[in-house]
Amino acid sequence: MQLSRDTLLKAYRLMRTIRSFEERVFAEFERGNIPGFVHLYSGQEASAVGVCMNLTDADKIGSTHRGHGHCIAKGVDVRGMMHEIYGKQDGLCGGKGGSMHIADLDKGMIGANAIVGGAPPLAVGAALAIKTRGEDSVSVSFTGDGGSNQGTVFEAMNLAVVLKLPVIFIYENNGFGEGTGHDYAVGSRDIAGRAAGFGMPANRVDGRDFFAVHQAVKEAVDRARAGHGPSVVETVAKRFGGHFVGDAMAYRTAEERERTIRDDDPLKIFRKKVTDAQLLTDEQLDALDQEVAQLIDESARSAGEAAFPTLADLETDVYVDY
Amino acid sequence: MQLSRDTLLKAYRLMRTIRSFEERVFAEFERGNIPGFVHLYSGQEASAVGVCMNLTDADKIGSTHRGHGHCIAKGVDVRGMMHEIYGKQDGLCGGKGGSMHIADLDKGMIGANAIVGGAPPLAVGAALAIKTRGEDSVSVSFTGDGGSNQGTVFEAMNLAVVLKLPVIFIYENNGFGEGTGHDYAVGSRDIAGRAAGFGMPANRVDGRDFFAVHQAVKEAVDRARAGHGPSVVETVAKRFGGHFVGDAMAYRTAEERERTIRDDDPLKIFRKKVTDAQLLTDEQLDALDQEVAQLIDESARSAGEAAFPTLADLETDVYVDY
Amino acid sequence: MPQKSMRQALNEALQHEMRRDSKVILLGEDVAGGAGCEGEDDAYGGVLGVTKGLVGEFGRARVIDTPISESAIMGAAAGAALAGLRPVADLMFVDFLGVCFDQIFNQAAKFRYMFGGKAVTPMVMRAMIGGGFRAGGQHSQTLHPMFTMVPGLKVVMPSSPYDAKGLLIQAIRDDDPVIFLEHKAMYDMMGEVPDEAYVIPFGEANFTREGKDVTVVALSLMVDRANQAADLLKKEGISVEVVDPRTTSPLDLDSILESVEKTGRLVVVDESPPRCSLAADIAAQVAEHGFDDLNAPIITVTCPHTPSPFSPALEDLYMPSVDRIADAIRKVAKK
Amino acid sequence: MPQKSMRQALNEALQHEMRRDSKVILLGEDVAGGAGCEGEDDAYGGVLGVTKGLVGEFGRARVIDTPISESAIMGAAAGAALAGLRPVADLMFVDFLGVCFDQIFNQAAKFRYMFGGKAVTPMVMRAMIGGGFRAGGQHSQTLHPMFTMVPGLKVVMPSSPYDAKGLLIQAIRDDDPVIFLEHKAMYDMMGEVPDEAYVIPFGEANFTREGKDVTVVALSLMVDRANQAADLLKKEGISVEVVDPRTTSPLDLDSILESVEKTGRLVVVDESPPRCSLAADIAAQVAEHGFDDLNAPIITVTCPHTPSPFSPALEDLYMPSVDRIADAIRKVAKK
Ligand SMILES: Cc1ncc(C[n+]2csc(CCOP(=O)(O)OP(=O)(O)O)c2C)c(N)n1
Ligand SMILES: Cc1ncc(C[n+]2csc(CCOP(=O)(O)OP(=O)(O)O)c2C)c(N)n1
Ligand SMILES: [Mg+2]
Ligand SMILES: [Mg+2]
């Protein structure tokens, strides 16, 4: 299917925004400006963007601990995210959530999740709400290769099939769960291959290639919107960095990482495709790079300057009413 | 494979013991002599016996809430079981466990389990102990069709494959989980079919037929003893009765139950096969029926007369040392 | 007022709210029953019949039988609540929380805080608690302390059919996640229950006995036993006040402190092992905020620090009895 | 005596016991690390490095990397223990108990009782607890009350490298299931630790400060803060006794009561929300058994009834601080 120039520009802008966001978060973390645990998405941009460009704000996504890319792809405000990751009062979650708990319900982003396997049952629930109201929206859950072994994820898949819910289970196979290889932790060595046993179609695609992800997910989303139920898409793309910022990555070789960063960059791959096909020009893309760089720069600067929450904020937002 | 006459006699004796035990428990429950929840195994005898006759005391089994049949097939003392189910001080668990918690570690019976999906991870652990010590024993977990949807069960299967453990996952498909049909609760409508997605061989057999179960499980056990890892066997045989004693069974039709009890009785099927093949005579089998009837009768009578535990027993057996 | 069982009171509460608000759905194992079976629909209506008949009126789209997958059930309820429904999820026996607790205590309970006050998660989790059924170690627990300690959850433990209906309606209309704990030994308990809908607000204790010598705090099934003990001791000239907080979170500490101010003596009854129990929680709060009113040690009457035994002979000794409650009251009354 | 970090002390304890007893195995996510990867084995040694080096000495057959499947991990440990091993299972962050709690509280903890005293389940579950890492709502909890309340479990919370080593060796040699909770902010804490193996028995409190005016009970990271508060108040002429029970189950209540008998005043510090907390548990036991010795209300210093906030600005206010502890002590000392 042909994608419009605007669509391609949007896709590139989003992928670039994720990349620049993550690079900046890395740098600021190293400088000691960002606290806690941060898990970066660099290298997997085509997965989040390829998935979410099939979605509207009415569609829901449930994310993981590595959620920055999913948030940005779903249209969550980058500035609010950066302020949140800095722990600031005007962050998207008032500084109470942090990197692993960014949510923006208005954008259909029902939450990053620091519990591996936490999101799929929730995404199934969002799909149940959609079906109960008779809407044609869909719900998407993101899970990693490591997380694909969590019992909650299997239960979610089975329930989605039983109730024929509009859910798409995205498995982002980035090669590792912390320092453990996917071929070790997944006994069958085939995540997508499990779907058949649960009664769902599945598709494994090159997670470095926006077009491959976008097309496979489009089919899954169309199917779900049409009321034909859930399906699985596995996107394969290694993360460039460690599990979290600070991970020594001893489980990877220097060569493998260099190779990955050199040859498996979703942005490079996208740029080559669209320029070779003369759909977009390097000038257009460079211009976007500039815009995004400014946005990220502005976000980080304002996040650095913003105020921290205070004692008055500590005990609010626990209950609607108590 | 030809089974010896003694083996056949033993198989029949065990199946008859289970049947008579359950019939008596039903009667005594109705009379108010047995407290709590009891889940009867009648109709599934060929599954427990077909499985356990491949095992020795060194092999482990983890069971379910419907565990009487598994216990008896594994050689647990029938009298001790009956006393336990009556809640008596000299019951197998001192009256502290009851029908849903009978265990006999010396017999390799590591516990009935009132948590659906509770046993498979434990059976995997027993298999890990076996492998760690370099023994050639195996571990077996029993799970129902309904329980096959529990996350813990999927995790156990994957871990067993990853660590290549000597486990056999038995799925006893008796048609229902409480009042819900297996075809509804299992989205794929194929329990054994899930095994492939987890990287294991699987076999679905007629759970009414001792020979079919015994043969399929023999292959799985041989494979595990030889160090080739886990596998799945699904045994299909409906329970004769309700989910628990007292279940009105509105989800079943009278016709279906009558048909099941008439045509699907593992003991009748066994008797016909062995007598048609002139391996055993009706006289031999009738004699066993008599023996067993006496054993059960004696067990129930002594259970009725035995003493209840007392205040002195209430707080013992919590810790080895506290 | 018509006499009804607690089972019927709960059933009416669900029916009222499902008629009133199409966003209310039920899900759980056999909440209808009979799915994928040859026999009747509505074969169960919940294992102990509380939801009986609802699938007939509201259909399977709103009374949803699920596989045995409690994490998926609770997660689906939490996710559906985040997305605008008001799900009532049935855990059946509270003892099963161990296979799905994350979705309750790390997910539903924490959304609002972690998301900076933007999330609303109006779900109700119903579960059966308590002993007396000879159901053994994994089907007889109460576990209310495990929910009470979790910020973000509200926890309800009704002690009568009347309270059960009013509190369940409140739970369903409430915008926060609510854990609604029904004592399985109380489903057949009869009491006056209006036919129409009404709400009982959370955090408002009910004084089931007025008295001046000793304050007894109890919830759920223990309220009836505390009342029996109070009636017994009246004959001995000890005037007992029984306070039923109805909800453990929020907890109406003020009413408890008021009563202790009057009596100077406190006994807390809790069907639970003693460590980190609700009995301990209430005793500690009074020892901090009502210390100057106390004329005697605070006595807690709980189960021992053991799992629930199966044998009737042991279970009867395990649960707080009228006698044990009365003895505790006598002990402090003498002081 | 050599100075060592708590990380090293724990590592030595594991090494000692694995050398001593071939039945001791480790399992968990990345307890070695690098399984199925091109890079090094032993790439992690546990996310915070506690098990580093052990796979090199004992091999992958005894230091077992697992998939992310905590129910299978804890169940495998419990089942292996029932079958004669002494597994040490790593939950990583205690916050993950919600996805595997059943295997711990309904299975491992209850086997012995449910099976009439015939089962022995010598497993250790290690987990990281506590705040200070800015890790947010699902990675900063302590949750020790959830284990303490469970009959059949023993619960250990070391407050120093020395205690950590001796208590972990005891935990591994212990025949009951033990929950071993390591405060993640203490791994780099230094202290004197003998090279050889030694055990510290469970249920024996340690008096880290002797005093006569006020008793402060604290565990884990809070012991250091209580000590700092005590040292601070000495200058103000308030003599504080700090009692570290070391294990919450069994709990050395006698030592606490002894101290309160002397001081007449009790402050309990607990890094946990207040409801059904260990602070409440200890306060309640003293209000029942030490009431006549009390000259002032029992004050509990805990986190508020909220999830753990992410922002450093909030988390520092969330955790009990030396100042808040000192204020509480002053308050009762004046009474
Ligand atoms: C229930 C649970 N178990 C373990 C962890 C610790 N943990 C956080 S991320 C992670 C690895 C996840 O791997 P994967 O699912 O492949 O996602 P990735 O990090 O590769 O994006 C682990 C083990 C957790 N947060 N939650
Ligand atoms: C975790 C958990 N969820 C639910 C239950 C309640 N329950 C007990 S048995 C049962 C049905 C089990 O069905 P199946 O696995 O097919 O076994 P069967 O009863 O048919 O032998 C259910 C839902 C339970 N005991 N534990
Ligand atoms: Mg991964
Ligand atoms: Mg079944």
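Residues numbered from 1 in each chain as written. Chains lettered and ligands numbered in written order. Predicted model: local features only at pLDDT ≥ 70, side-chain atom pairs only at ≥ 80, totals over all residues. Heavy atoms only, no water.

Helix and strand counts for chain C stand at twelve helices and 14 strands. By the compact-globule yardstick of 20 Å for 335 residues, chain C fits well, its C-alpha radius of gyration being 20 Å. Across the 335 residues that make up chain C, the buried fraction comes to 76%. For chain C, contacts bridging at least 24 residues in sequence account for 81% of all contacts bridging at least 6. When the accessible surface of chain C is totalled, it reaches about 8600 Å², and 48% of it is carbon and sulfur. Separation between the mean location of the 32 positive side-chain charges and that of the 46 negative ones in chain C comes to 2 Å. (Helix = DSSP H or I, 4+ residues; strand = E, 2+ residues; numbered from the N terminus. Rg over C-alpha atoms; globule rule 2.2 N^0.38 Å. Buried < 20%, exposed > 50% of the residue type's maximum accessible area, 1.4 Å probe, protein only. Contact = heavy atoms within 4.5 Å. Areas by Shrake-Rupley, 256 points an atom, 1.4 Å probe, with all protein chains shown as cover. Lys, Arg positive; Asp, Glu negative; His and termini not counted. Charge placed at Lys NZ, Arg CZ, Asp CG, Glu CD.)

The next point concerns the coordination of the magnesium ion (ligand 3). Angles at a metal have ideal values that depend on geometry: 109.5 degrees with four tetrahedral donors, 90 or 180 degrees with six octahedral donors. All names here are of chain A. Taken together, Asp145 (OD), Asn174 (OD1) and Phe176 (O) make up the full set of protein donors to the magnesium ion (ligand 3), lying 2.0 Å away. Look at where the donors of the magnesium ion (ligand 3) fall in the sequence and you get D-x28-N-x1-F. Pair noted here: Asp145 is in the loop between β2 (139-144) and α6 (151-162) and Asn174 is in the loop between β3 (167-173) and β4 (176-177), with a separation of 29 residues, a long-range link. Accessibility classification places Asp145 together with Asn174 in one group, the buried group. (Donors = N, O, S within 2.8 Å, 3.2 Å for Na, K, Ca; no water.)

Residues and elements named next belong to chain B. Protein ligation of the magnesium ion (ligand 4) involves Asp145 (OD), Asn174 (OD1) and Phe176 (O), the donor distances falling in the range 2.0 Å. Every donor residue of the magnesium ion (ligand 4) comes from the same chain, spaced as D-x28-N-x1-F. Within this pair, whereas Asp145 is found in the loop between β2 (139-144) and α6 (151-162), its partner Phe176 is found in strand β4 (residues 176-177), the two being separated by 31 residues in sequence. One exposure class covers both Asp145 and Phe176, and it is buried.

Surveying the vicinity of ligand 2 reveals 21 residues, the closest of which are B:His65, B:Arg66, B:Ala114, B:Gly147 and C:Glu70. Residue neighbours of ligand 2 fall on chains B and C, so the site bridges chains. Within the side chain of B:His65, one N or O atom sits 2.7 Å away from an oxygen atom of ligand 2. In the model, an oxygen atom of ligand 2 is placed 3.5 Å from a nitrogen or oxygen of the B:His243 side chain. Partitioning the shell around ligand 2 into residue classes produces seven nonpolar, nine polar and five charged. (Near = heavy atom within 4 Å. Polar contact = N/O pair within 3.5 Å; in protein donor to acceptor, adjacent residues only side chain to side chain. Nonpolar A, V, L, I, M, F, W, Y, C, P; charged D, E, K, R; others polar.)

As a further point, take the sheet that holds strand β13 (residues 266-269) of chain C. Residues and elements named next belong to chain C. The mixed open sheet is built from five strands, whose spatial order is β9-β11-β10-β13-β14. With one partner strand each, in any of the chains shown, β9 (206-209) and β14 (299-301) form the two edges of the open sheet. Each strand axis lies, on average, 25° off the axis of its neighbour in the sheet, ignoring direction. Alignment of β13 against β14, held across three bridges, turns out to be parallel. Bridge assignment links Val267 to a residue of β14, and that residue is Ile299. Here helix α12 (residues 322-334) sits on the sheet in contact with β10 (214-217), β11 (240-244), β13 and β14, set at roughly 175° to β14. (Pairing = 2+ DSSP bridges. Axes fitted to C-alpha atoms, helices over the stretch in contact; angles between N-to-C directions.)

Bringing the packing of aromatic side chains into the picture now. What the rule picks out here adds up to 38 aromatic pairs over all chains. Through a chain of ring-to-ring contacts, the aromatic side chains of C:Phe101, C:Phe105, C:Phe147, D:Phe101, D:Phe105 and D:Phe147 assemble into a single cluster. In this structure, A:Lys88 is placed above the aromatic ring of A:Phe308, and the distance from its NZ or CZ to the ring centre is 4.7 Å. (Phe/Tyr/Trp six-rings, centres within 6.5 Å; stacked < 30°, edge-to-face > 60°. Lys NZ or Arg CZ within 6 Å of the ring centre and 35° of its normal.)

All names here are of chain D. At a closest axis distance of 8 Å, the pairing of helix α1 (residues 6-20) and helix α7 (residues 161-173) adopts a crossing angle of 30°. When the interaxial angle is binned, α1 and α7 end up roughly parallel. Read as a crossing pair, α1 and α7 show a hand that is right-handed. Only Pro161, Ala164, Lys165, Leu168, Ile169, Ile172 and Arg173 of α7 make contact with α1, whose side of the interface consists of Met6, Ala9, Leu10, Glu12, Ala13, Leu14, His16, Glu17 and Arg20. Of the residues in the contact of α1 with α7, the class split is ten nonpolar, one polar and five charged. (Parallel < 35°, antiparallel > 145°, perpendicular 65-115°, else oblique. Left-handed = near helix turned anticlockwise from the far one by under 90°.)

Within the structure, ligand 1 sits among 21 residues, and A:His65, A:Arg66, A:Ala114, A:Gly147 and D:Glu70 are positioned closest to it. Residues near ligand 1 are shared among chains A and D, making this a multi-chain site. Taking A:Asp145, its side chain carries an N or O atom lying 2.9 Å from an oxygen atom of ligand 1. In this structure, A:Asn174 approaches ligand 1 through a side-chain N or O atom, which is 2.8 Å from an oxygen atom. Burial of ligand 1 by the protein amounts to 97% of the accessible area it has alone, namely 580 Å². Residue composition of the shell around ligand 1, grouped by class: seven nonpolar, nine polar and five charged.

Listed as interface residues are 55 residues of chain D and, on the opposing side, 55 residues of chain C. In this assembly, chain D packs against chain C so that about 4500 Å² is buried in total across both faces, 63% of it on carbon and sulfur atoms. Broken down residue by residue, the surface that chain D buries against chain C is led by D:Tyr113, D:Met149 and D:Arg275, which jointly contribute 16%. For the interface between chain D and chain C, the tally reads two salt bridges. Two residues, C:Asp281 and D:Arg275, come together in a salt bridge whose shortest N-O distance is 2.7 Å. Put simply, chain D and chain C have 22 residue pairs in polar contact (both at pLDDT 80 or more) between them. Of all elements in the fold, only α4 (101-108), α5 (111-114), α6 (144-148), β12 (247-249), α10 (278-289) and β14 (299-301) of chain D reach the threshold of two or more residues within the side of chain D that touches chain C. (Buried area = accessible area lost by both parts, 1.4 Å probe. Salt bridge = Lys/Arg side-chain N within 4 Å of Asp/Glu carboxyl O.)

What follows covers the relation of the copies chain D and chain C. Placing chain D over chain C gives an RMSD of 0.0 Å and needs a rotation angle of 180°, together with 0.0 Å of translation along the axis. The transformation just described matches what one would write down for a two-fold rotation axis. Here 100% of the contact residues of chain D are again contact residues in chain C; the copies associate through an equivalent surface. (Least-squares fit on C-alpha atoms with pLDDT ≥ 70 in both.)

Attention now moves to the interface of chain B and chain C. Residue-level contacts link 50 residues of chain B with 44 residues of chain C. Summed over both partners, the interface of chain B with chain C buries about 3500 Å², with 64% contributed by carbon and sulfur atoms. The interface formed by chain B and chain C holds 17 residue pairs in polar contact (both at pLDDT 80 or more) in total. Listed by contribution, the elements that provide at least two residues to the side of chain B that touches chain C are α4 (78-85), β4, β5 (180-181), α7 (182-185), α10 (254-263) and α13 (311-314) of chain B. Sorting elements by how many residues they give to the side of chain B that touches chain C places α13(B) first, with three residues.

This prediction gives chain C a mean pLDDT of 98; 100% of its residues lie at or above 70. Reported confidence for the predicted complex is 0.98 by ipTM and 0.99 by pTM. (pLDDT = per-residue confidence, 0-100.)

The next point concerns unusual backbone geometry. Between C:Ser249 and the following residue, C:Pro250, the backbone shows a cis peptide bond with an omega angle of 0°. Positive phi, normally seen in glycine, also occurs at B:Gln278, with a value near 55°. Mapped onto the elements of the fold, B:Gln278 is located in the loop between α11 (266-276) and α12 (282-305). In this model, C:Arg246 sits at a positive phi of 70°, which is unusual for a non-glycine residue.

Pairing is possible between side chains of opposite charge, provided their charged atoms come close. According to the stated counting rule, one finds 102 salt bridges over all chains in the structure shown. B:Lys96 is the salt-bridge partner of B:Asp317, the closest N and O atoms lying 2.8 Å from each other. Taken together, the residues span a long stretch of sequence, with B:Asp317 in the segment after α13 and B:Lys96 in the loop between α4 and α5 (119-132) at a distance of 221 residues. What makes B:Asp317 partly exposed here is its relative accessible area of 24%. For B:Lys96, a relative accessible area of 2% translates into the label buried. Close ionic contact of D:Arg126 with D:Asp90 constitutes a salt bridge, the shortest N to O distance being 3.8 Å. Here D:Asp90 lies in strand β4 (residues 86-93) and D:Arg126 lies in strand β5 (residues 124-129), a separation of 36 residues in the sequence. The two residues D:Arg126 and D:Asp90 agree in class, both being buried.

Turning our attention to helix α1 (residues 5-30) of chain A. Its 26 residues place the ends of α1(A) 37 Å apart at the C-alpha level, agreeing with the 38 Å of an ideal helix rising 1.5 Å per residue. Backbone geometry just downstream of α1(A) places A:Gly32 in the positive-phi region, at approximately 85°. (Expected span 1.5 Å × (residues − 1).)

This next bit is on the packing of helix α1 (residues 5-30) of chain B against helix α2 (residues 45-52) of chain B. Residues and elements named next belong to chain B. Packing of α1 against α2 brings their axes to within 9 Å, and their N-to-C directions diverge by 140°. The angle between α1 and α2 falls in the class oblique. Crossing of α1 over α2 shows right-handed handedness. Contact residues: α1 offers Ala11, Leu14, Met15, Ile18 and Arg19, while α2 offers Glu45, Ala46, Ala48 and Val49. When its residues are assigned to classes, the contact of α1 with α2 shows seven nonpolar, no polar and two charged.

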